[in-house]
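The lines below spell out each chain.
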Amino acid sequence: MTFAIVQHKVQERIRGSNIATFITRANGVPFEEGLARANVEDRIVTSNIRLTRALVGSEEWRTIADAFRCWSATMIAHAKPGKKLGKQIECIDSKTKIKWVFTVPDVYRNERNAILVAEHPDYTLEIDGNNRIVHASAVDIVSAFPIRDGWYLADPIHGIPTGEQVAFSEQARHLSRIDKKVGPVARGYDVLFGGDVGQNVVLGDEPSLCYGMAVESL
């Protein structure tokens, strides 16, 4: 059995208001590999909300067009619709059979139809054999997490769709989800072809898929 924890040194992270391609989609990697590379180089992987700023109402996405589709830094965990979050949320990647595990803070364990969110670098990924265990030092909750795909407004902190379905608009985000999930949010599918695809917030993609990655830059 192998055992490792992907460590980070927050005080040495490279921070900035800009974003840059770190891994191109053409050279895409599974999420855990991209995260490990970013940690080694003391980079901060771009969050879901920061990618929204680049993708919606802006041409900034063109500066990282070669990264899409990309993994965001935003780690989420949610239970099946109507079920309590419980003590732990577990999800198995169908391709690798790796189990992703997120421990639910005590205060959130009775919540239903809610989603937990942690942002890089406020979590580490423990690799224990065939398990990937998320250890988060800061966990937020977004309530009224929708139970089906569709157009929704998003919470202002993490950009996660929430509430009741709404009509399409620039302020709306299209949610793509599965029953239960532990893993990162993906963004930017086929952005080069225009349309509303930059507004897609993809929560259903498995972490073993090989995508690009963007990071904060000066």
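The coordinates are above.
Residues numbered from 1 in each chain as written. Predicted model: local features only at pLDDT ≥ 70, side-chain atom pairs only at ≥ 80, totals over all residues. Heavy atoms only, no water.

Draft legend 1. Highlighting the environment of alanine 154. Note that alanine 154 resides in strand β10 (residues 150–154). Classification of alanine 154 as partly exposed rests on a relative accessible area of 28%. For the pair alanine 154 and valine 40, spaced 114 residues apart in sequence, the C-alpha to C-alpha distance is 32 Å. Once residues lying within four places of it in the same chain are set aside, the contact partners of alanine 154 are Gly159, Ile160, Pro161, Thr162 and Arg173. (Helix = DSSP H or I, 4+ residues; strand = E, 2+ residues; numbered from the N terminus. Buried < 20%, exposed > 50% of the residue type's maximum accessible area, 1.4 Å probe, protein only. Contact = heavy atoms within 4.5 Å.)

Draft legend 2. A look at the pairing of strand β4 (residues 88–92). Taking every second residue as pointing to the same face, the buried face of β4 carries Ile89 and Cys91, while none of Gln88, Glu90 and Ile92 on the other face is buried. Counted along the chain from β4 to the antiparallel partner strand β5 (residues 99–103), the turn is six residues long, and its residue lysine 97 has a positive phi close to 65°. (Pairing = 2+ DSSP bridges.)

Draft legend 3. View of the packing of aromatic side chains. On inspection of all chains with the given rule, the structure shows four aromatic pairs. Ring centres 6.1 Å apart and planes at 75° place the aromatic pair phenylalanine 31 and tryptophan 71 in the edge-to-face group. A residue pair is termed long-range when its members are at least 10 positions apart, and phenylalanine 31 in helix α1 (residues 31–40) and tryptophan 71 in strand β3 (residues 70–78) qualify at 40 residues. The two residues phenylalanine 31 and tryptophan 71 agree in class, both being buried. Here the aromatic rings of phenylalanine 31 and tryptophan 100 are separated by 6.5 Å at their centres, their planes lie at 50°, and the arrangement is tilted. (Phe/Tyr/Trp six-rings, centres within 6.5 Å; stacked < 30°, edge-to-face > 60°.)

Draft legend 4. Layout of a positive patch on the surface. Positive charge collects at one region of the surface, where Lys80, Lys83, Lys84, Arg112 and Lys180 lie side by side. Within the secondary structure layout, lysine 80 lies in the loop between β3 and β4. We classify lysine 80 as partly exposed; its relative accessible area is 42%. (Patch = residues over 30% accessible without salt bridge, like charges linked within 9 Å, V, L, I, M, F, W, Y side chains within 5 Å. Areas by Shrake-Rupley, 256 points an atom, 1.4 Å probe, with all protein chains shown as cover. Salt bridge = Lys/Arg side-chain N within 4 Å of Asp/Glu carboxyl O. Lys, Arg positive; Asp, Glu negative; His and termini not counted. Charge placed at Lys NZ, Arg CZ, Asp CG, Glu CD.)

Draft legend 5. Structural detail: the nonpolar core. Ranked by size, the top nonpolar core spans 30 residues in total, and within it Phe31, Phe102, Leu116 and Val182 carry the most contacts. Sorting the residues of this core by element identifies α1, β3, β4, β5, β6 (115–118), β7 (123–128) and β13 (181–187) as the ones contributing at least two each. Broken down by element, the residue count for this core peaks at four residues, all from β3. (Core = buried A, V, L, I, M, F, W, Y, C linked by side-chain atoms within 4.5 Å.)

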